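Okay, here's what each chain looks like letter by letter:
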Protein chains: 2
Amino acid sequence: MITRFDPEQIKIYDKNRLNVLCDELRQTIYETVMKCGGHLASNLGAVESTVALFYTFNFPEDKIVFDVGHQCYAYKILSGRAEKFDTLRQKDGISGFPKRAESEYDSYDTGHAGTSVAAALGLAKARDLTGQNHAVIAYIGDGSFNNGLVYEALTSLKILKTKILIILNDNGMSISPTVGGMHDILSSIQENAYGDNVRLLQQFGLKYIGVKNGNDLDDMLESMATAKEALQENSVLLHIVTRKGKGYEFSEEHPVGMHGVAPVGSPQDTEYSHILGKTLCEMAAKDKRITVVSAAMKESLGLEPFFNDYPDRAFDVGICEENAAVLCASMAAGGLKPYYAIYSTFLQRAFDEIIHDVCAMNLPVTFCIDRAGISGADGETHQGVFDLSYLSLIPNLTIAVPKDTDEYRQMLQFSAIYNAPMAIRYPRAGKVLFDKTDEPIVVGKWEYMHKCESQVTVLAAGERCLTVVMKIFQGLEAEGKAFNVVNARFVKPLDEDLLNSLKGTVVTVEDNVEIGGFGSLVTGYLTKKQSDCKIKTFAYEDKFIPQGGIAQLQREYGVDCEKIKAFIVDNL
Amino acid sequence: MITRFDPEQIKIYDKNRLNVLCDELRQTIYETVMKCGGHLASNLGAVESTVALFYTFNFPEDKIVFDVGHQCYAYKILSGRAEKFDTLRQKDGISGFPKRAESEYDSYDTGHAGTSVAAALGLAKARDLTGQNHAVIAYIGDGSFNNGLVYEALTSLKILKTKILIILNDNGMSISPTVGGMHDILSSIQENAYGDNVRLLQQFGLKYIGVKNGNDLDDMLESMATAKEALQENSVLLHIVTRKGKGYEFSEEHPVGMHGVAPVGSPQDTEYSHILGKTLCEMAAKDKRITVVSAAMKESLGLEPFFNDYPDRAFDVGICEENAAVLCASMAAGGLKPYYAIYSTFLQRAFDEIIHDVCAMNLPVTFCIDRAGISGADGETHQGVFDLSYLSLIPNLTIAVPKDTDEYRQMLQFSAIYNAPMAIRYPRAGKVLFDKTDEPIVVGKWEYMHKCESQVTVLAAGERCLTVVMKIFQGLEAEGKAFNVVNARFVKPLDEDLLNSLKGTVVTVEDNVEIGGFGSLVTGYLTKKQSDCKIKTFAYEDKFIPQGGIAQLQREYGVDCEKIKAFIVDNL
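Nothing here was measured: the structure is a model prediction, and the numbers come from that model.

About the criteria used
- Residues numbered from 1 in each chain as written.
- Chains lettered and ligands numbered in written order.
- Predicted model: local features only at pLDDT ≥ 70, side-chain atom pairs only at ≥ 80, totals over all residues.
- Buried ≥ 20, exposed ≤ 12 C-beta atoms within 10 Å, placed from the backbone.
- Helix = DSSP H or I, 4+ residues; strand = E, 2+ residues; numbered from the N terminus.
- Least-squares fit on C-alpha atoms with pLDDT ≥ 70 in both.
- Contact = placed C-beta atoms within 7 Å.
- Nonpolar A, V, L, I, M, F, W, Y, C, P; charged D, E, K, R; others polar.
- Domains from an automatic or database assignment.
- Pairing = 2+ DSSP bridges.
- Right-handed = clockwise from strand over helix to strand, strands pointing away.
- Axes fitted to C-alpha atoms, helices over the stretch in contact; angles between N-to-C directions.
- Parallel < 35°, antiparallel > 145°, perpendicular 65-115°, else oblique.
- Left-handed = near helix turned anticlockwise from the far one by under 90°.

## Let's talk about helix 20 (residues 518–528) of chain A
Here comes step 1: Counting buried residues in helix 20 of chain A gives 9 out of 11 residues, a clear majority hidden from the surface.
Here comes step 2: In the stretch just after helix 20 of chain A, Gln-530 of chain A is the one whose phi turns positive, near 50 degrees.

Encoded structure:
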């Protein structure tokens, strides 16, 4: 375990000591991830190249952008953060991603795929225009290299007339195994099967340098020095082939499963994803129109059963969120019934396509939005707290928030016969929480969980919020106090009949930012109807929410069980 | 002029008659665009290839997706819409873009760049899975071909295991002249300088067929037949080189200026764009940090003066909206002061990057958002009515809406010293409307245009709305009735002091959808503060707004001068 490391000391290490350092880094990463969770395999595979980077370049004068950030752990340990590395992904601890606010060694924050090449170009242009002379490096995995944003940035290389080093760490995996055209092209370059493909890169303005074994430190040191030299004249693509998970056999053998690791002992609350895969399989058996599209996340979304059972109707298109959305829209235009499963924050990438392709044509695409609400340890870039806002502003889109996994299953079944765009959003963890009701799902119809004569009605959007509210309800009921509890299972459209019937105090609770969210929609509706109701909204503040425990962050950023309870009691 | 055309008749035409048809189409397109406005040069360049398509394939059984749609006029005329073609871009008339609702010959709606290849893939997969056997074609210009979404779709070709024909109409222009790597690669393929680049396309799964002169009908007919034959075995890229504007000399010589044509006689209300270019030049003279990034729209955004005067600090990256946003974020991270000018609906493409790159790092990027609000004749895909909603939900972002071009200039000057993300949104047309105030711009501070003892206060966001409200004000003032009028020049943050001081009736007026917009923010704030004010919001309904005259659409979709006036009078 490395618990202290002076960034300067690596410069005087000999090769033996550097090899030992690689082993130490691997051990430190492994033990920390076992304790704190995080991304293991991708970080283990990047150890030698990171050591070679640190040995060859001069950080923080030189700048590096890690694409996504799942390969930055070794860099963090080497750049003065070894002492705090055991706080990885904990509240107020070291982030699992690059963070400018954390260290001057981090030049650009990442978290979503494909930004690194454009970011390196912008940093390099800023260097040129401000008369500086350092190196700027993009470190990117082959999975991200499929993303359209990378291609757009490559197209800009000549336009910006600047010089960057792109390190392409090619482990043949994106998150799911890498798919599609560019990976084949890079492989062929590597194998020299088509030597002229190197000219492709030259036409983008890149000099190509290949490294057959990016986990061999000697090779890496030599190639990195060559790349640094070449960078004086030209932008460079250093293509290194590594093994994801290198150094830990179980991880090498199961690179997908080890991509993200929960801390040992934490519960595997993946029931929503389980319901998704199982239900879609059941539906597909009866309905040949059903297809599934994923952007490189099929395992964590629970789609493996569908991919196994219906390989002809399941498409993992790699980290191409926009493309996946247009494929769904056009499949629907062609008469199919596509399901696009994705994490909440990654769907932000397809925002224009949801508007322009799916909803403007009113096509029956269903979005299954996982990791909605606060997601916890991954921090700002992964908190799915914007989706109710950015989706509800789009005409023609129905937005559902199940109260539990059982209702999720019902909603999925309903979606199969619903001939319009629909989004179903839910957090990672889930269970069957509530008594099953056999009421059919009707768009825009909510459900009373408890109805009484009280002047207080609480509208809860989705499982997490309803769980909080029911806990408050049960506590107060024991004291002889009661209020109305509503499962607001559609955020759009609202249940106007139910809202029209309300009197007294209306409380909304949601796992989303306040601006443009569920409470905002309810407030807007009641205001328009000149309702006399007093309205109170519990939602997240207008801030980026950092890493931390989910319950703690919910409390801290605006959805605090105690405050909700106090408000209800005050108004009973 | 073609005023009637039976889609079947082309099949019996001989080559002479087909050539005459090309001339007739050109004349019809030219005369219609001169009358109705629209896209001239791109449509003129596509005539021969469209005739060849129609002669060779069997529409509507075969399906075609026009990327963006600026090349679909000839197709529309040939596919049974000649009689109505003189209603182009008029209310309830023929759309300037493909529209499924308009004709069975239109398979997929477009308007934004880069969707056609993915859309063709999805339609082709739907064909395969439903046991059909027609051809599916994507027709795309070389400008769109730079977009990352196209690259993502090409990467999916092998994954989807289906067959499509891509017609790449290469006129060497995007909207600005085409820039960047892929265009050079395609040119080199065309010139056979690097014959092995064809293998690049093969690795994506494409067979390459090149046509040196895509405006020669004989060549086109022959190549189209070859492409149709090849499509039996493989996906095909038919690369045709055309001249944008072919057939009208002035248009060939000035292809940029003729890209979008306003109807003859209509005013050229481009003053906001004029202010942008001029002011940025003035600012750049004093501040070396200032850079400008555009995604292929520099002329229509008014940026030509800046590109001429500061070529080293001006970057047109082609139709790559996401890349442009990340370049701005990273330039700002590197110490520069970037301005990203773009149309409102195209910025939707960079939604995730605004959140993840610009605002999460709180970087001082300024977005200059043109064509905000209803833009008129381009219809659903170009109405900039979502931006206040999708921007206001993002933490750290300041949103300004100038009351006229003079205030726009002040806001731009203010932005230069403002060290955080800022968006300034404005419609196309603008003028200096109001008396100049020398009050400095302060974030979140509004301005009373008229203040009195009335119990009614109208908060107007931006020039169009303030113009409507001031017109009402002047009318009522003449009748001895007055109300308070506020220039709500910041949509975010709100002027909380001013809002706290209000009593009676508060009216909001905005050029944006109601959900999540300015009125929603005001309603949310006043509700939270338990204000006793009665609130009334005028904004657009939750619908996609079709093509039509701006004033008429404003009225029809919720911002109706008469209704606003009536509401004010009722509440005075």
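The discussion continues.
## A look at the relation of the copies chain B and chain A
Here comes step 1: In screw terms, the move from chain B to chain A is a rotation of 180 degrees and a rise of 0.0 Å along the axis, fitting with an RMSD of 0.0 Å. Taken together, the rotation and translation describe the operation of a two-fold axis.
Here comes step 2: Comparing interface residues between copies, 100% of those in chain B also lie at the interface in chain A; the contact surface is shared.

## A word on the interface of chain B and chain A
Here comes step 1: Contacts between the two partners involve 90 residues from chain B and, on the opposite side, 90 residues from chain A.
Here comes step 2: Of all elements in the fold, only helix 5 (116–129), helix 6 (148–160), helix 7 (181–190), helix 8 (197–204), helix 13 (321–333), helix 15 (351–359), helix 16 (387–392) and helix 20 (518–528) of chain B reach the threshold of two or more residues within the side of chain B that touches chain A.
Here comes step 3: With 12 residues, helix 6 of chain B is the largest single contributor of residues to the side of chain B that touches chain A.
Here comes step 4: Considered class by class, the residues forming the side of chain B that touches chain A number 42 nonpolar, 31 polar and 17 charged.

## A short note on the domain arrangement of chain A
Here comes step 1: Taken as a whole, chain A is organised into domain 1 (9–253), domain 2 (271–425) and domain 3 (447–571).
Here comes step 2: In this structure, domain 1 of chain A and domain 3 of chain A have C-alpha centres spaced 45 Å apart.

## Focus: unusual backbone geometry
Apart from glycine, the bulk of residues carry a negative phi angle, and the bulk of peptide bonds sit in the trans form.
Here comes step 1: A cis amide bond links Phe-59 of chain A to the next residue, Pro-60 of chain A, at an omega of 5 degrees.
Here comes step 2: The residue after Lys-492 of chain A, namely Pro-493 of chain A, is reached through a cis peptide bond having omega -5 degrees.
Here comes step 3: Relative to the elements of secondary structure, Pro-493 of chain A occurs in the loop between strand 15 (490–492) and helix 19 (496–500).
Here comes step 4: Even without glycine at this site, Asn-396 of chain B takes up a positive phi of about 75 degrees.
Here comes step 5: Within the secondary structure, Asn-396 of chain B sits in the loop between helix 16 and strand 10 (398–400).
Here comes step 6: Judged by the 18 C-beta atoms lying within 10 Å of it, Asn-396 of chain B is partly exposed.

## What to know about the pairing of strand 3 (residues 165–170) of chain B
Residues and elements named next belong to chain B.
Here comes step 1: In terms of burial, strand 3 is a largely internal element, 6 of the 6 residues being buried.
Here comes step 2: Across the two faces of strand 3 the burial is the same, with Leu-165, Ile-167 and Asn-169 and Ile-166, Leu-168 and Asp-170 all buried.
Here comes step 3: Bridging between strand 2 (residues 136–141) and strand 3 involves 5 bridges; their strand directions are parallel. From the neighbouring strand, Tyr-139 faces strand 3, where its bridge partner is Ile-167.
Here comes step 4: Since strand 2 and strand 3 lie parallel, the crossover through helix 6 that links them has a hand, and here it is right-handed.

## Some remarks on the packing of helix 18 (residues 463–478) of chain A against helix 22 (residues 561–571) of chain A
All names here are of chain A.
Here comes step 1: Packing of helix 18 against helix 22 brings their axes to within 10 Å, and their N-to-C directions diverge by 50 degrees. By the criterion of interaxial angle, the relationship of helix 18 to helix 22 is oblique. Crossing of helix 18 over helix 22 shows right-handed handedness. On helix 22, the residues that touch Val-468, Lys-471 and Ile-472 of helix 18 are Cys-561, Ile-564, Lys-565 and Ile-568.
Here comes step 2: Per-class residue counts for the contact of helix 18 with helix 22 are 5 nonpolar, no polar and 2 charged.

## Considering the sheet that holds strand 15 (residues 490–492) of chain B
Where strands meet in a sheet, backbone hydrogen bonds hold them as pairs that are either parallel or antiparallel.
Residue and element names in this part refer to chain B.
Here comes step 1: Ordered by their spatial adjacency, 7 strands build an open sheet running 7-6-8-9-11-10-15, and the pairing between neighbours is mixed. Edge positions in the open sheet fall to strand 7 (314–316) and strand 15, since each of these has one partner strand only. Going from strand to strand, the sheet's axes swing by 20 degrees on average, the running direction of each strand aside.
Here comes step 2: Sheet analysis places strand 8 (residues 337–343) next to strand 9 (residues 366–370), joined by 5 bridges and oriented parallel. By the bridge assignment, Ala-341 is partnered in strand 9 with Cys-368.

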